[in-house]
Amino acid sequence: MTTVLAAAPRPLAGTVWTVLLALAAAALALQGLAGRPDPAVLFYSLLPRIVAALVAGFALGLSGAVFQRAFSNPLAEPGLLGISGGGMLALAASLVFAPALWTHGYQLVALGGAGLALCVVLAVAWGPRLSSPVLVLAGVMINLYCAAAYAVLVLFNHDFLVNLLAWQAGSLQQSGWAPSLRLIAEVTAATVLLLLLERPLRLLSLGDGGAASLGLSVRRIKLMLLVAASVLAAVVTAEFGQIGFIGLAAPALARALWRQAQPGLLRAAVTGALLLLFTDQLMRLLSLVAGDLPVGAAAGLLTGPLLILLARRNRSQSEAAPTPAPNLSPRRPARGPVLIAALALALIAVFLFGLFYGRGPEGFGFVTAVDLDIALKWRLPPLLGASGAGFCLALAGLILQRLLRNPLASPDVLGVSHGAGFAMALAFLVLPDSGLGAKLVITTFGAGAALLLVAGFGRPLQFEPTRMLLIGTGLGSTANALLVLALASGGQRGAALLGWFSGITGGIDLASALGACAVGGLSLIATLFYARPIDLIALGNPAASSLGVPIGRTRLAGLGLAALATAAGTVIVGPMSFIGLMVPHFTMLLGFRKTASAAIASGLIGALMMAASEWLGRVLAWPWPLSPGLIAALIGGPWFLWQLRRGGREF
């Protein structure tokens, strides 16, 4: 359900703050105008850039507001339904396999990819009411799948696709009025439709059942809303690259400025326009000193602290009710112990098969007694490390989704994996000659620093779920923006970083692999100890408090546990989202409801998927290894979408 602000609306205060933001953005823009006396530069570069920032920010703010209100989720953003991932994959694939498609402009290629991804999401979630939970999970899965496929293309065609990394970071630089005028026409048409649908959008906040009882055609209205909002995000992404955090932050900022749970679509859109103009003009000034800074990455840098500030200031904000999740359980209850035993046996079988059977210079074959030492030296650490990392990340995802009561919660939602990734980026770029052990120590330090920041910001807020999500997302956006800048500007070092960032496990030593497995085992024991309090907290604070559960202390322990497991997994396979986000939903598909049994099943499934993926990544393109995380997303993604389609038919 939508978060409710207890304080009364403050229209005057909201107007004042909006005017101040507009004045700050205008001052930066006027400074640029005053400093560029060349009329041609003013008319064909700076003025179109200002207009592009206003229109793109307006579109992203409006789209983000529609998504967050339609899904009743503060983490919903314009690219949620596969828009950004589809556009990015289409551009990369067309450059590699069909460059002739760029004859009429890359914008059409990106729009085509975004549209195809949206069609797949709608096909998976299609039902009587176009279920919001199923849409969310399908969209997230499509984005992860597209990101995995994109990463595979970049790994094999890095020099050819390196310029796409700059597009991925987002840029509003202009050399004429054509993109801005085209964007104005496209945004105007979608905006008119969304404003006409604002009243039905308010009814959707009552839930699909409540809106249908009032005579609303839920599926038709939701389809129109989401398609129009996705079009807004798609046209901005196609023109300027990924500038996604504006769509996430602008509605949250509008709610804070106007002290309203639903401040209106136009207010969110105007806030987005001013926020992006301010960010872009500030980056333009800084680029005079520090070189070109892409606005997409800069938006992540600036909106991260903004989300943290909003989470800390809204102390009157009441706790959000649990976010619904699709009922994906089979009609017959699963036989828990038997299924867990089957998963354990499958893990052992896959592990031994991957250890003793593989591909070499002479083809596939089993390990002989002569080659046993070589297999134990080169195959055992990656297999063990991938299994331990999968166990840790899947367990962390389950804990976070239960404690924060949000199906979008994943290990990177606390910013821990992004903190580890940024620390590893520094290790690659600043200390390129350091050994793997030193890089792992630096990565662990980055993850620990992110954990301390999350705990420090969250403790005064009693670790309330909605605000913890905003804090974690804010930290993650800042660290991820720094990672994008490192990838876009690191040259050959950036290419080396991309290998770790993609999760290649070939360089893992036995000590690190055993450490990940040990952390996974200890985390499971601690999770079993907290299983009952976690089950009660998942029902809501009132129910848990009435039964004597210390909510703040339990959430702190659970978040710390999830962060520790995330750090151990991230050090091995990089900042990967798929396992931690989707394996808990796999567990639901198998019928596990209680935290204790679900924790064991999630860990085993995560380890099983990563062990199998590590073997596949080793043999598919031998002698060049592929990331097991990417393989898991590419293979597990379609299966999950199929199961999601089957399980969501009744919605």
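Computed from a predicted structure; not experimentally measured. (Residues numbered from 1 in each chain as written. Predicted model: local features only at pLDDT ≥ 70, side-chain atom pairs only at ≥ 80, totals over all residues. Heavy atoms only, no water.)

Enquirer: What's the story with the overall build of the protein in this structure? I'm lost.
Expert: Across its full length, the protein holds 27 helices and 2 strands. Evaluated residue by residue, the protein yields a buried proportion of 57% over its 651 residues. (Helix = DSSP H or I, 4+ residues; strand = E, 2+ residues; numbered from the N terminus. Buried < 20%, exposed > 50% of the residue type's maximum accessible area, 1.4 Å probe, protein only.)

Enquirer: What is the right way to read the confidence of the model for the protein from this model?
Expert: On average, residues of the protein carry a pLDDT of 78, and 78% of them reach 70 or more. Here residues 1-8 scores under 50 on pLDDT; set against residues more than four positions off or in separate chains, the count is 25 contacts. Under a pLDDT of 50 for its full length, residues 315-324 has, in the predicted model, 36 contacts with residues more than four places off or in other chains. (pLDDT = per-residue confidence, 0-100. Contact = heavy atoms within 4.5 Å.)

Enquirer: I would appreciate a short explanation of the packing of helix α4 (residues 106-125) against helix α10 (residues 218-240) in the present structure.
Expert: What describes two packed helices is the angle between their axes and the distance between those same axes. Their axes nearest at 9 Å, the elements α4 and α10 cross at an angle of 150°. Judged by the angle between their axes, α4 and α10 are roughly antiparallel. Handedness of the α4/α10 crossing: right-handed. For the pair formed by α4 and α10, the contact residues are Tyr106, Gln107, Ala110, Leu111, Ala114, Leu118 and Leu122 on the first element and Leu223, Val227, Ser230, Ala234, Val235, Ala238 and Glu239 on the second. Here the contact of α4 with α10 is composed, by residue class, of 11 nonpolar, 2 polar and 1 charged. (Axes fitted to C-alpha atoms, helices over the stretch in contact; angles between N-to-C directions. Parallel < 35°, antiparallel > 145°, perpendicular 65-115°, else oblique. Left-handed = near helix turned anticlockwise from the far one by under 90°. Nonpolar A, V, L, I, M, F, W, Y, C, P; charged D, E, K, R; others polar.)

Enquirer: In this structure, what is going on with the packing of aromatic side chains? I would like to understand it.
Expert: The geometry of an aromatic ring pair comes down to the distance between the two centres and the angle between the two planes. Scanning the model with the defined rule gives 8 aromatic pairs in all. Here Phe353 and Trp615 contribute two aromatic rings whose centre-to-centre distance is 5.3 Å and whose plane-to-plane angle is 55°, an arrangement assigned as tilted. Of this pair, Phe353 sits in helix α14 (residues 336-356) while Trp615 sits in helix α26 (residues 595-619), placing them 262 residues apart in sequence. Judged by its relative accessible area of 16%, Trp615 is buried. Between the aromatic rings of Phe586 and Trp639, the centroid separation amounts to 5.2 Å while the plane-to-plane angle is 70°, which identifies the pairing as edge-to-face. Separated by 53 residues along the polypeptide, Phe586 in helix α25 (residues 578-589) and Trp639 in helix α27 (residues 628-647) bring together distant segments of the chain. We classify Phe586 as buried; its relative accessible area is 4%. You can call Trp639 partly exposed: its relative accessible area is 42%. The structure contains a cluster of three or more aromatic residues connected by ring pairs, namely Phe353, Tyr357, Phe364, Phe366 and Trp615. Seen from the ring of Trp258, Arg267 lies directly overhead, with NZ or CZ sitting 3.8 Å from the centre. (Phe/Tyr/Trp six-rings, centres within 6.5 Å; stacked < 30°, edge-to-face > 60°. Lys NZ or Arg CZ within 6 Å of the ring centre and 35° of its normal.)

Enquirer: Teacher, can you tell me more about helix α21 (residues 510-529) here?
Expert: Because each turn of an α-helix spans 3.6 residues, side chains separated by three or four positions end up pointing in the same direction. With 20 residues, α21 extends 29 Å from end C-alpha to end C-alpha; this agrees with the ideal 28 Å at 1.5 Å per step. Among the residues making up α21, those that are buried are Ser512, Ala513, Ala516, Gly520, Ser523, Leu524 and Thr527. Angular distribution of buried residues about the axis of α21 spans 120°; they occupy a single face of the element. Opposite its buried face, α21 presents the exposed residues Ala511, Leu522, Ile525 and Phe529, each directed more than 90 degrees away. (Expected span 1.5 Å × (residues − 1). Arc of directions from axis to C-beta.)

Enquirer: So what exactly am I meant to see when it comes to a nonpolar patch on the surface here?
Expert: On the surface, a nonpolar cluster with roughly 740 Å² of combined accessible area is contributed by Leu345, Ile348, Leu352, Phe353, Phe356, Phe366, Leu372 and Leu376. Sorting the residues of the nonpolar patch by element identifies α14 and α15 (372-378) as the ones contributing at least two each. Take the nonpolar patch: its biggest share by element is 5 residues, from α14. Relative to the helices and strands, Leu372 is located in helix α15. (Patch = residues over 30% accessible without salt bridge, like charges linked within 9 Å, V, L, I, M, F, W, Y side chains within 5 Å. Areas by Shrake-Rupley, 256 points an atom, 1.4 Å probe, with all protein chains shown as cover. Salt bridge = Lys/Arg side-chain N within 4 Å of Asp/Glu carboxyl O.)

Enquirer: Would you mind showing me how to read the pattern of salt bridges here?
Expert: Side-chain pairs of opposite charge can arise whenever the charged atoms involved come near each other. Overall, the coordinates contain 6 salt bridges when judged by the stated rule. The salt bridge partner of Asp280 is Arg49, with a shortest N-O separation of 2.9 Å. With Asp280 in helix α12 (residues 265-290) and Arg49 in helix α2 (residues 39-71), this residue pair connects regions lying 231 residues apart in the sequence. With respect to burial, Asp280 and Arg49 carry one shared label: buried.

Enquirer: Please explain the side chain of Arg69 as it appears in this structure.
Expert: Relative to the assigned elements, Arg69 resides in helix α2. What Arg69 contacts, discounting residues up to four positions off in sequence, is Glu198, Leu201, Arg202, Gln262, Gly264 and Leu265.

Enquirer: Could you clarify how one ought to interpret the pairing of strand β1 (residues 357-360) in this entry?
Expert: Walk down a regular strand and you will see the side chains alternate between the two sheet faces. Of the pairings in the sheet, the one linking β1 to strand β2 (residues 363-366) comprises 4 bridges and is antiparallel in character. Residue Tyr357 lies in a different strand from β2, and its bridge partner there is Phe366. Between β1 and β2, which pair antiparallel and follow one another directly, the connecting turn spans 2 residues. (Pairing = 2+ DSSP bridges.)

Enquirer: Looking at this structure, I do not really get the state of the cysteines. What am I missing?
Expert: Working definition: the covalent bond between the sulfur atoms of two cysteines is a disulfide. Across all of its chains, the model carries 0 disulfides by this definition. Lacking any disulfide linkage, Cys392 is separated from the closest cysteine sulfur, that of Cys517, by 7.6 Å. (Disulfide = S-S within 2.5 Å.)

Enquirer: I tried to follow helix α5 (residues 132-156) on my own but got confused; where do I start?
Expert: Between its terminal C-alpha atoms α5 stretches 36 Å, which fits the 36 Å expected from 25 residues at 1.5 Å a residue. For α5, a buried count of 20 out of 25 residues is recorded, marking the element as mostly surrounded by other parts of the structure.

Enquirer: I tried to follow the environment of Val192 on my own but got confused; where do I start?
Expert: In this structure, Val192 sits in helix α7 (residues 178-196). The class for Val192 is partly exposed, based on a relative accessible area of 47%. Between the alpha carbons of Val192 and Ala228 there is a distance of 9.7 Å; along the sequence they are 36 residues apart.

Enquirer: Where do I start with the packing of helix α3 (residues 83-97) against α5 in this structure?
Expert: The interhelical angle for the contact between α3 and α5, taken along N-to-C directions, is 25°, at an axis separation of 8 Å. With respect to each other, α3 and α5 are oriented roughly parallel. With respect to the hand of their crossing, α3 and α5 are arranged in left-handed fashion. Across the interface between the two elements, Ile83, Ser84, Gly85, Gly86, Met88, Leu89, Ala92, Ala93 and Phe97 from α3 touch Asn143, Cys146, Ala147, Ala149, Tyr150 and Leu153 from α5. Of the residues that constitute the contact of α3 with α5, the class distribution is 11 nonpolar, 4 polar and no charged.

Enquirer: Before we go on, may I ask you to explain the environment of Arg255 in this structure?
Expert: The residue Arg255 is located in helix α11 (residues 245-258) in this model. Expressed as a C-alpha distance, the spacing of Arg255 and Arg267, which sit 12 residues apart in the sequence, is 9.1 Å. Reaching out from Arg255, the side chain makes a polar contact with the side chain of Gln68 at a distance of 2.9 Å. (Polar contact = N/O pair within 3.5 Å; in protein donor to acceptor, adjacent residues only side chain to side chain.)

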